[in-house]
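Residue-level listing of the chains:
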Amino acid sequence: MTAQEPTQAEAAQEPGGPRRGRRAFFGLAAAAAGAAGLAGAVAIPPYLTETPTSAPPPASPRGRFDGRVVLITGATSGIGEATAKAFAAEGAKVGFCGRRAHHGRRVEQEIREAGGIARYLQADVRDPEQLRRFVDETVGAFGRLDVAFNNAGITKSAPLHEMTLEDWTDVQHTNARGVFLAIKYEVPHMLKNGGVIICTASESRRPGGVAYSSSKQAIKGIVEAASMDYGSKGIRINAIAPGTTDTALVRPPSLPDAVWEAFKRAWGPRNASGLQRMASAEEIARSVVSLATAEFSYMAGSTVLVGGAPFGGGPMNMPPGFPAG
Ligand SMILES: NC(=O)c1ccc[n+]([C@@H]2O[C@H](COP(=O)([O-])OP(=O)(O)OC[C@H]3O[C@@H](n4cnc5c(N)ncnc54)[C@H](OP(=O)(O)O)[C@@H]3O)[C@@H](O)[C@H]2O)c1
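Summarised in this report is the structure supplied together with it. Everything numeric here is computed off the predicted structure, so don't read it as measured data. (Residues numbered from 1 in each chain as written. Predicted model: local features only at pLDDT ≥ 70, side-chain atom pairs only at ≥ 80, totals over all residues.)

**As for the overall build of the protein**
Counting its secondary structure elements, the protein contains nine helices and seven strands. Residues classed as buried in the protein amount to 49% of the 325 residues present. Taking as baseline every contact in the protein between residues at least 6 positions apart, the subset at least 24 positions apart corresponds to 76%. (Helix = DSSP H or I, 4+ residues; strand = E, 2+ residues; numbered from the N terminus. Buried ≥ 20, exposed ≤ 12 C-beta atoms within 10 Å, placed from the backbone. Contact = placed C-beta atoms within 7 Å.)

Below is the structure:
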């Protein structure tokens, strides 16, 4: 992950954060308006008018996971949802969880309407019993476990001394402890046939990111250690660190599409992405699916950056007019 996971959405939701959230929102709106040429007084730098690179079209699914069972935490939106759909399109039976039941049922229905097999169970990865039940019921329903994608995650930001213990704990319990528990409950099933576990880490390093960055670095450590515990048992464990990806995690809530698209056009050239754009959830999903194939049979304990550029650190480079940049 590059250093650039924007946090306007979370800032708006933080305790004590609405002021910063509003500032960020209006700054973003102003910047985006400038980028779109709507604010006449703002000079538009040439890079804002360049055509960004676009994601190549996806390869057709090839049935690489026909009859396999894939379990995903946090697939009610974003990268997890796209990955559930990508595995289902490759023939997998997909069991997934998340807290928002209406989104879980929507994703389940969309996969089924596309001819895939999916099963949603509401579960919160912060709750050990709910997580254990999700894993066990998925295996019970589908009969085995071949691939697990431990992806559920949240972000909350504040300078360290302003970070509440409650927010710190919430992020650690969701991101790091949730991954520890998921692996703990998945491994006993995989000891029977082997398997692949992929966890969603991040290379995010930015001001205000103490809880998020530490939780995601913890995932790298979990993956390194666990890969050595279970490599000899036929279980490959790795992590993926997506670069900034266009999902609800980074998009401010209720932002009009046109403003968000203008922001993204401005974001790419000003940040570390050599591809000059954010990733789409679908292309991160394709990377996850690929990592789960036997093409990567000798990869264990790694965190793979799929970030459009080498990762860096420092404040977000926001478009002109963004006050928090
Ligand atoms: N977007 C990026 O730029 C980026 C970059 C690097 C890494 N990541 C990581 O990618 C992963 C997916 O995020 P996203 O970008 O796709 O954002 P997203 O759309 O917000 O997805 C987050 C997913 O995690 C689930 N989740 C959160 N807390 C949970 C809990 N306590 N129990 C169960 N599920 C929970 C959410 O479902 P519910 O809300 O329904 O529970 C949702 O399905 C996260 O781990 C994130 O840290 C994202």
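From this point, the discussion proceeds with the structure in view.
**Structural notes on the site of the ligand**
What surrounds the ligand is a group of 33 residues, the closest being Gly74, Gly78, Gly98, Arg99 and Gly153. At the level of secondary structure, the elements contributing two or more residues to the shell around the ligand comprise α3 (78-89) and β2 (93-98). Across the shell around the ligand, the residue classes tally to twelve nonpolar, 16 polar and five charged. (Near = placed C-beta within 6 Å. Nonpolar A, V, L, I, M, F, W, Y, C, P; charged D, E, K, R; others polar.)

**Considering unusual backbone geometry**
Positive phi values are uncommon outside glycine, yet serine 254 reaches one of about 65°. Positionally, serine 254 belongs in the loop between β6 (235-242) and α8 (257-270). C-beta crowding within 10 Å serves as the criterion here: with 8 such atoms nearby, serine 254 is assigned to the exposed category. Located in the positive-phi region is glutamine 276, a residue other than glycine, with phi close to 60°.

**Description of the environment of asparagine 238**
Structurally, asparagine 238 can be placed in strand β6. Taking C-alpha positions, asparagine 238 is 5.9 Å from threonine 303, a pair spaced 65 residues apart along the chain. Residues contacting asparagine 238, with those up to four places away along its chain left out, are Ile198, Val223, Leu291, Met299, Ala300, Gly301, Ser302 and Val304.

**Remarks on the pairing of β6**
Within β6, eight of the eight residues are buried, leaving the element largely enclosed by the surrounding structure. Of the two faces of β6, the one lined by Ile235, Ile237, Ala239 and Ala241 and the one lined by Arg236, Asn238, Ile240 and Pro242 are each fully buried. Alignment of strand β5 (residues 195-200) against β6, held across six bridges, turns out to be parallel. Opposite cysteine 199, over in β6, you have alanine 239 as the bridge partner. One crossover worth recording links β5 to the parallel β6 by way of helix α7 (residues 210-230), and it is right-handed. Alignment of β6 against strand β7 (residues 303-306), held across four bridges, turns out to be parallel. Looking at the pairing, proline 242 lines up with valine 306 of β7. (Pairing = 2+ DSSP bridges. Right-handed = clockwise from strand over helix to strand, strands pointing away.)

**A few points about α7**
When the terminal C-alpha atoms of α7 are compared, their 30 Å separation across 21 residues agrees well with the 30 Å that a helix rising 1.5 Å per residue should span. Against α6 (165-193), β5, β6 and β7 lie the buried residues of α7. (Expected span 1.5 Å × (residues − 1).)

**Let's talk about the sheet that holds strand β4 (residues 147-150)**
Strand order in the open sheet made by the seven strands is β3-β2-β1-β4-β5-β6-β7, with parallel pairing throughout. The sheet terminates laterally at β3 (117-122) and β7, the two strands that pair on one side only. With strand direction ignored, the average angle separating the axes of adjacent strands in the sheet is 20°. Where strand β1 (residues 69-73) lies against β4, four bridges are found, and the strand directions are parallel. Bridge assignment links threonine 73 to a residue of β4, and that residue is asparagine 150. Sheet strands in contact with α3 are β1, β2, β3, β4, β5 and β6, and its direction is about 165° off that of β2. (Axes fitted to C-alpha atoms, helices over the stretch in contact; angles between N-to-C directions.)

Any functional reading would require information beyond the geometric quantities listed.
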